Amino acid sequence: MTTATENAGPFEELRPHERFELWRDLLALTRDCDASTSDTDRFSAELRRSELGPVTFLGTSFPSARFRRTDARVRRSDPGVFHLTFVQRGVLALSRDAEQTQLFRPGELTMLDSSRAYDLRALGERAAAGGEPRVEGVGIDFPVALLPTPPFRLRRLLGRGFRATGGPAAVLADFLVSLDRQAALLGPAVADRLGPIAVDLVAAWLADELEDDADLPDTARQRATVEQVRTFVRRHLHDPELTPSTIAAAHHISVSYLHRLFAQHTDGDTVAAWIRRLRLEKAHRDLADPALRTVPIGTIAARCGIPRPDDFSRAFRTAYGLAPRDHRQQSLSLKLTPRQPVVDPVPNRSRAG
């Protein structure tokens, strides 16, 4: 993973214009364009770049800037790459040929390809707490050939904005944001496996926008369904009625098919065991959170979807080797004495459903 930030490493030692040049050069490794900004005299930015097999992940924060890829540049070099972006802050204004300018706002996905010229202005916005106007986003770059859908069928989708509020678009956006948070912790082998998964999610999203999944291979369709299920479970973890049956019904699949998907595309947990593990992990974190020290243990358990105190205490002790109350006391006392080593126990993963 390559990271350039004004607060770390050699980046902070550079002059503002040198920071801009480094940021521009890193970005150009997969997004070949002419980048410019009016803030070169006080430029500060962050670029997180990870290689996921044939896919490159990018996460960035920067002041207002402009990115131009001219026809001459396209003729000189076209690597055949798709550029997918999820906007988190600021506004992107895209101009292409004589077409009307398209605006992409926070919460929207958009995709461009390297075979067509564009003029993209990134307009910074201030955060609610103030500060300088910034643009923030995450995205991936990958070869056009990796998608199962022929490029000509995607032309009407390129350069448009799509709200990531539900369905495959939301699953894809959640995946990108989660990837940004966890990228620094991923080993090479895991990163290599995540690239194809990202492309499968893009393929599922595009097929949904085309209202036709005939071009999707079975593996892409299955991976997309698994990610949709994962997102659904995390959003409903507090519901004690969350079961394989309710999950299957919400996704219009059978319970047996849901179990088969998990057997093929997860690390071995059954659906029920995975839900139980997520609930216990959340409770484990919340009990160690000083901000929640006054919240009763039973309330925390109920918020995690385990309303019966006896069930929660028994499951927690089995997973972590100590009672919830003891874990809270130990964790909070260790946080008050940070020089002591903190050992975070790992739950025993049960394979029983």
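Residues numbered from 1 in each chain as written. Predicted model: local features only at pLDDT ≥ 70, side-chain atom pairs only at ≥ 80, totals over all residues. Heavy atoms only, no water.

Asks: Mind showing me how you'd approach the confidence of the model for the chain here?
Replies: Summarising the model, the chain shows a mean pLDDT of 85, and 89% of its residues fall at 70 or more. Here residues 2-9 scores under 50 on pLDDT; set against residues more than four positions off or in separate chains, the count is 23 contacts. Counting contacts from residues 338-353, a segment whose pLDDT is below 50, to residues more than four positions away or on other chains yields 30 contacts. (pLDDT = per-residue confidence, 0-100. Contact = heavy atoms within 4.5 Å.)

Asks: Explain helix α4 (residues 188-210) to me, please; I cannot follow it from the model alone.
Replies: Residues three or four positions apart in an α-helix share a direction because the helix packs 3.6 residues into each turn. The end-to-end C-alpha separation of α4 is 34 Å, in line with the 33 Å expected for 23 residues at 1.5 Å each. Downstream of α4 by a residue or two, E211 has a phi angle that is positive, lying close to 55°. (Helix = DSSP H or I, 4+ residues; strand = E, 2+ residues; numbered from the N terminus. Expected span 1.5 Å × (residues − 1).)

Asks: How should I be thinking about the sheet that holds strand β2 (residues 34-36) in this particular structure?
Replies: Two pairing modes exist for strands in a sheet, parallel and antiparallel, and in both the strands are linked by backbone hydrogen bonds. The antiparallel open sheet is built from five strands, whose spatial order is β2-β5-β10-β7-β8. Here the strands that pair on one side only, and so sit at the sheet edges, are β2 and β8 (102-104). Within the sheet, the average angular offset between the axes of one strand and its neighbour, ignoring direction, is 15°. Alignment of strand β5 (residues 65-69) against strand β10 (residues 118-123), held across five bridges, turns out to be antiparallel. Of the residues in β10, the one forming a bridge with R68 is D119. (Pairing = 2+ DSSP bridges. Axes fitted to C-alpha atoms, helices over the stretch in contact; angles between N-to-C directions.)

Asks: How do you make sense of the environment of V138 when you look at a structure like this?
Replies: For V138, the location among the structural elements is in strand β12 (residues 130-143). Exposure remark for V138: the relative accessible area of 2% places this residue in the buried category. (Buried < 20%, exposed > 50% of the residue type's maximum accessible area, 1.4 Å probe, protein only.)

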